[in-house]
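Structural description and commentary
Listed below are the residues making up each chain.
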Amino acid sequence: MLRAALPLLGLPLAGAGATEEPTQEPGSPGEPPPGLALFRWQWHEVEAPYLVALWILVASLAKIVFHLSRKVTSLVPESCLLILLGLVLGGIVLAVAKKAEYQLEPGTFFLFLLPPIVLDSGYFMPSRLFFDNLGAILTYAVVGTLWNAFTTGAALWGLQQAGLVAPRVQAGLLDFLLFGSLISAVDPVAVLAVFEEVHVNETLFIIVFGESLLNDAVTVVLYKVCNSFVEMGSANVQATDYLKGVASLFVVSLGGAAVGLVFAFLLALTTRFTKRVRIIEPLLVFLLAYAAYLTAEMASLSAILAVTMCGLGCKKYVEANISHKSRTAVKYTMKTLASCAETIIFMLLGISAVDSSKWAWDSGLVLGTLFFILFFRALGVVLQTWVLNQFRLVPLDKIDQVVMSYGGLRGAVAFALVILLDRTKIPAKDYFVATTIVVVFFTVIVQGLTIKPLVKWLKVKRSEHHKPTLNQELHEHTFDHILAAVEDVVGHHGYHYWRDRWEQFDKKYLSQLLMRRSAYRIRDQIWDVYYRLNIRDAISFVDQGGHVLSSTGLTLPSMPSRNSVAETSVTNLLRESGSGACLDLQVIDTVRSGRDREDAVMHHLLCGGLYKPRYRPRILPALAQHPEAPYCSYSQATHHVFLS
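Residues numbered from 1 in each chain as written. Predicted model: local features only at pLDDT ≥ 70, side-chain atom pairs only at ≥ 80, totals over all residues. Heavy atoms only, no water.

On to the overall build of the chain, then. The secondary structure content of the chain amounts to 27 helices and zero strands. Considering the chain as a whole, with its 644 residues, one finds that 47% of them fall into the buried category. Taking as baseline every contact in the chain between residues at least 6 positions apart, the subset at least 24 positions apart corresponds to 81%. Surface summary for the chain: the accessible area is close to 33500 Å², and the carbon and sulfur share equals 65%. (Helix = DSSP H or I, 4+ residues; strand = E, 2+ residues; numbered from the N terminus. Buried < 20%, exposed > 50% of the residue type's maximum accessible area, 1.4 Å probe, protein only. Contact = heavy atoms within 4.5 Å. Areas by Shrake-Rupley, 256 points an atom, 1.4 Å probe, with all protein chains shown as cover.)

The following block contains the structure:
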């Protein structure tokens, strides 16, 4: 089985191309039986897994070496270094073996390397930011990709008609449109690798990265339709074929999204019943997400869109159902797989470029493609942004448009698609392969190297890696409710209205169906906040010089049991210890940062403004036993509930 899988992984078979010599059976007449061997070399039995492990090891060591020098990694993106390392390794292998041994095979890329990267992106994608900019993302992904594909293909055909492309490049209009469809789509792997190191603001990143994920459906449809038209011949294409091509765009995109949502539902529902078998929770997450990808690929739908929607749709419910250890395992395993896959992709891209037997050079085609993809990308972004800004509350300025135009990177998706072309149907395949390699290297290396200085020179707003303050949360929730109420009053069913309706539907039906009852009860914020405030009380008590209780006298409450919160809370245990330390968070000054100071000011403002009930609630009988205890902990908990 390993030898059968070896060609799929892009690795050569042992002794491939050599004639097998007849071997004599042991124990045959005239030969003495072999003796006991103390040592036997059996490389052919472990060749496939050993080479796979060796490639992963080389990729990991390369990342370690790159990050030894902070100055190098701050100037050069990791993807550029990996491609250059691949070129060096490919040159060494070519010099030793006299032929290119290893290649980035399309089957390996689409079935094994791409899914973990897309799953990691979809699972950890900020859903609120994604859906807030969904209109812009869809516009750039659908309209922008169609614009880039048709204009680039038509312009290259015009370049050939003008005599600027060599006559040996035998390609017609359909051939150039096919090439334009695969070279015009923004690559998610390249965008993720470069933009994560640039740290542009969240809105700009989610628009470019969201476009690279969602344009997969358009790329798949255009590629398959143009490839089918080329195989049929332009004279045999009927009007109904064009209509089928348009219809397939909706089938591939909506079908891929539907497959992803179905598997997201199954994943969330399955994790609801894993309370007694926590060990298989991470396995279920990866298994069902990968099943969504394979199912969409099997049905000729958008596999990237399927796994993206699966990760985006299931995270909320899965995170609530699985244990904390399972969440940690899922997070770091997913990040590790995505990082390894990304590293191997860029290394194999560099190695694949060394094999000159699979490509042919034409300067006019290469230079024309580079110019047209940059020009039409910039022109398309400007035109689409002008239309979008007529409807956006916060318009995209000219600096954002420059970064979006310059950030349209191409990568391994385009290379894998061009390798899949049939040379018998498309004679110019070798020229398209060479042009694709140059475009990928130019966008990843040249644009990847210069985009960070460009962002600094243009003073693009950078991302802020911090959680929103209490004041920001309060205003965000307030404005959400106000805008939804305004739309409801005026009778306009806009974005805020439907988001509010979705949240009500999710709270009433989906959360109760896909979450365990204990997990759904824990979502009650007042108990979670009160528990965390008790921990803060204990930390404050220790910081003020109080003695630490023994492990037998200090027990932490478990959240599923609400009675335990009142009976064994950390605050009450500390207060019963007889210490005279003040546990009032309004008196103890433990503010250590600007964010904490702002939260404390807002908390005190809400504590003074909120109505306090005449009778203390029954849910906190332990507080009632100590009249001298401060009332602030419960007020802190209630004002967080007020925010929701």
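The next subject is the state of the cysteines. If you walk through the whole model with that rule in mind, you get zero disulfides. With no disulfide of its own, Cys314 lies closest to Cys310 among cysteine sulfurs, the gap being 4.8 Å. You can call Cys314 buried: its relative accessible area is 2%. (Disulfide = S-S within 2.5 Å.)

Moving on to the pattern of salt bridges. Counted according to the given criterion, the structure contains 14 salt bridges. Put simply, Arg501 and Asp500 hold a salt bridge, and the shortest N to O gap is 3.5 Å. For Arg501, a relative accessible area of 36% corresponds to the partly exposed category. Residue Asp500 is classed as buried on the basis of its relative accessible area of 19%. Counted as one network, the salt bridges with shared partners bring together Arg128, Asp132, Glu476, Asp480 and Arg499. (Salt bridge = Lys/Arg side-chain N within 4 Å of Asp/Glu carboxyl O.)

Looking at the element boundaries, Ser352 is found in helix α14 (residues 324–352). With near-sequence residues (within four places) excluded, Ser352 lies in contact with Gln103, Leu104 and Phe415.

A few words on helix α12 (residues 281–298). Because each turn of an α-helix spans 3.6 residues, side chains separated by three or four positions in sequence point in the same direction. Over its 18 residues, α12 extends 26 Å from the first C-alpha to the last, a length consistent with the 26 Å expected when each residue adds 1.5 Å. Contacts made by the buried residues of α12 are with α5 (106–123), α11 (239–271), α13 (303–321) and α14. Looking one or two residues past α12, Ser300 carries a phi angle of roughly 60°, positive in sign. (Expected span 1.5 Å × (residues − 1).)

Time to look at a nonpolar patch on the surface. Side chains of Val46, Tyr50, Leu54, Leu57, Leu61, Ile64, Val65 and Leu68 sit close together on the surface and give an oily, nonpolar patch of about 780 Å² of accessible area. Residue placement: Leu68 occurs in the loop between α2 (43–66) and α3 (70–75). (Patch = residues over 30% accessible without salt bridge, like charges linked within 9 Å, V, L, I, M, F, W, Y side chains within 5 Å.)

Looking now at the packing of helix α8 (residues 173–183) against helix α18 (residues 429–458). When two helices pack together, their arrangement is given by the angle between their axes and by how far apart the axes lie. In contact at an axis separation of 11 Å, α8 and α18 are set at 25° when each is read in the N-to-C sense. Taken as axis vectors, α8 and α18 run roughly parallel relative to one another. Where α8 crosses over α18, the two elements pack in a sense that is right-handed. Where α8 approaches α18, its residues Asp175, Phe176, Phe179, Leu182 and Ile183 are matched on the opposing element by Phe432, Thr435, Thr436 and Val439. Looking at side-chain class alone, the contact of α8 with α18 contains six nonpolar, two polar and one charged residues. (Axes fitted to C-alpha atoms, helices over the stretch in contact; angles between N-to-C directions. Parallel < 35°, antiparallel > 145°, perpendicular 65-115°, else oblique. Left-handed = near helix turned anticlockwise from the far one by under 90°. Nonpolar A, V, L, I, M, F, W, Y, C, P; charged D, E, K, R; others polar.)

Remember, this is a structural readout, not a statement about activity or role.
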